[in-house]
Amino acid sequence: MSDTLGTDTADGRTPQGSTGAGGTDTSVPPAPPRAAARRRGRGRTRLEIAVLSAPAVITFLAFVIFPVALAAYYGFFQWKGYGEPTDWVGLNNYKLILTDSAFHDVLWHNGLILVLSLVIQGPLAIGVALLLNQRIRGRSAVRVLIFVPYIISEVIVGTGWSLMLQSDGAVNDLLRSIGLGSLEADWIADPDLAIWSLMAIITWKYLGFAVILMLAGLQSIPDEIFEAAQIDGASYWQIQRRITLPLLGPTIRIWAFLSIIGSLQLFDLVYIIWGQYVSGTAGTSTMAIYMLAQGRNAGNYGYGSAVAVVMFVISLAVALLYQRFVLRRDLRGAVTEGTV
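Residues numbered from 1 in each chain as written. Predicted model: local features only at pLDDT ≥ 70, side-chain atom pairs only at ≥ 80, totals over all residues. Heavy atoms only, no water.

Visitor: Describe the overall build of the protein chain, and please don't skip the residues or the numbers.
Guide: The helix and strand inventory of the protein chain stands at 15 helices and zero strands. By residue count, 32% of the 340 residues in the protein chain fall in the buried class. In the protein chain, once contacts between residues fewer than 6 apart in sequence are set aside, the share between residues at least 24 apart is 63%. Entry remark: accessible area of the protein chain is about 21,100 Å², with carbon and sulfur atoms responsible for 65%. (Helix = DSSP H or I, 4+ residues; strand = E, 2+ residues; numbered from the N terminus. Buried < 20%, exposed > 50% of the residue type's maximum accessible area, 1.4 Å probe, protein only. Contact = heavy atoms within 4.5 Å. Areas by Shrake-Rupley, 256 points an atom, 1.4 Å probe, with all protein chains shown as cover.)

As structure tokens, then:
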């Protein structure tokens, strides 16, 4: 029996754990299963993702989720902003918000500003971007001049425009100097003009940001597509309508999303130019102005917190619906399952 040790098997292979000629161990250790290797790879990937995303997640929880949860909690109380809230009112604050005609008015103002921002700024930004995408003299200087208002502080913008739009301000002086004194108006207090004054300021302030986005989208379109269309005999407007605008669609949709959220949360320009009292009579008050007037300034922080929660819910609902029905084509395929 001892003579058979270290010999090959009948099919010519050395058994596992046996020794070959000269006593050398020729056994091959079993390779680890591929499934186990994939699991270890996925585990390392998840660990890396957790470590890299932890600061952002902690910041988001601390400065977004926790304040919203705290505001929702305070919204159930009649609270003056100091001490522990003890005067429980339940859902009364939220019921009052939804039935208050003043809140309906400011909600309408926000919706009107949202629609007008999209209708005015969108086509204007696309047109300016198409113009600045051409090879014209002074193109860089014009781009800078258009973008400058966006980087100016809202406080400076609001203060400057409020001085110019007063009854004895620079706008009316200019109209008188050029013989159009009949067009003088109270651009801030007149309810028929105030909303249009606000839209002119918003357009002047934020048009540069929209133009920069559109320019970035235009420059990402390959020139070969336009050259091929020109060879096929397409006119300039046909190229813009059938090639440029469809390929610029993702950029337009992202800009529209940012504009919508900004319109729902508009506060600073309205507060600086009109204030919380004049904005109500002039028809420019927004949900954020309403929150300030009915919350902090009225000494009712519980009601103000409830308004903040309602604003958050409206913005979140709009964002989710927009992502579901508008951004779906852009997000499809952007996030895929890992195959590590």
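Back to the write-up after that little detour.
Visitor: Go over a nonpolar patch on the surface with me, naming the residues and quoting the values.
Guide: A cluster of nonpolar side chains, namely V57, F60, L61 and I65, defines an oily patch on the protein surface of about 340 Å² accessible area. Note that I65 resides in helix α1 (residues 34–74). Overall, I65 belongs to the partly exposed group, its relative accessible area being 36%. (Patch = residues over 30% accessible without salt bridge, like charges linked within 9 Å, V, L, I, M, F, W, Y side chains within 5 Å. Salt bridge = Lys/Arg side-chain N within 4 Å of Asp/Glu carboxyl O.)

Visitor: Which residues make up the pattern of salt bridges, and what are the values?
Guide: This structure, assessed with the given rule, holds three salt bridges. Residue R176 is joined to E184 by a salt bridge in which the shortest nitrogen-to-oxygen separation is 2.6 Å. On the basis of relative accessible area, E184 is assigned to the partly exposed category, the value being 31%. Salt bridges sharing common partners tie together D173, R176 and E184.

Visitor: Any chance you could break down the environment of I289 for me, citing the residues and the numbers?
Guide: Position of I289 relative to the elements: it lies in helix α13 (residues 287–294). Apart from the residues within four sequence positions on either side, I289 is in contact with F267, V270, Y271, Q276 and S279.

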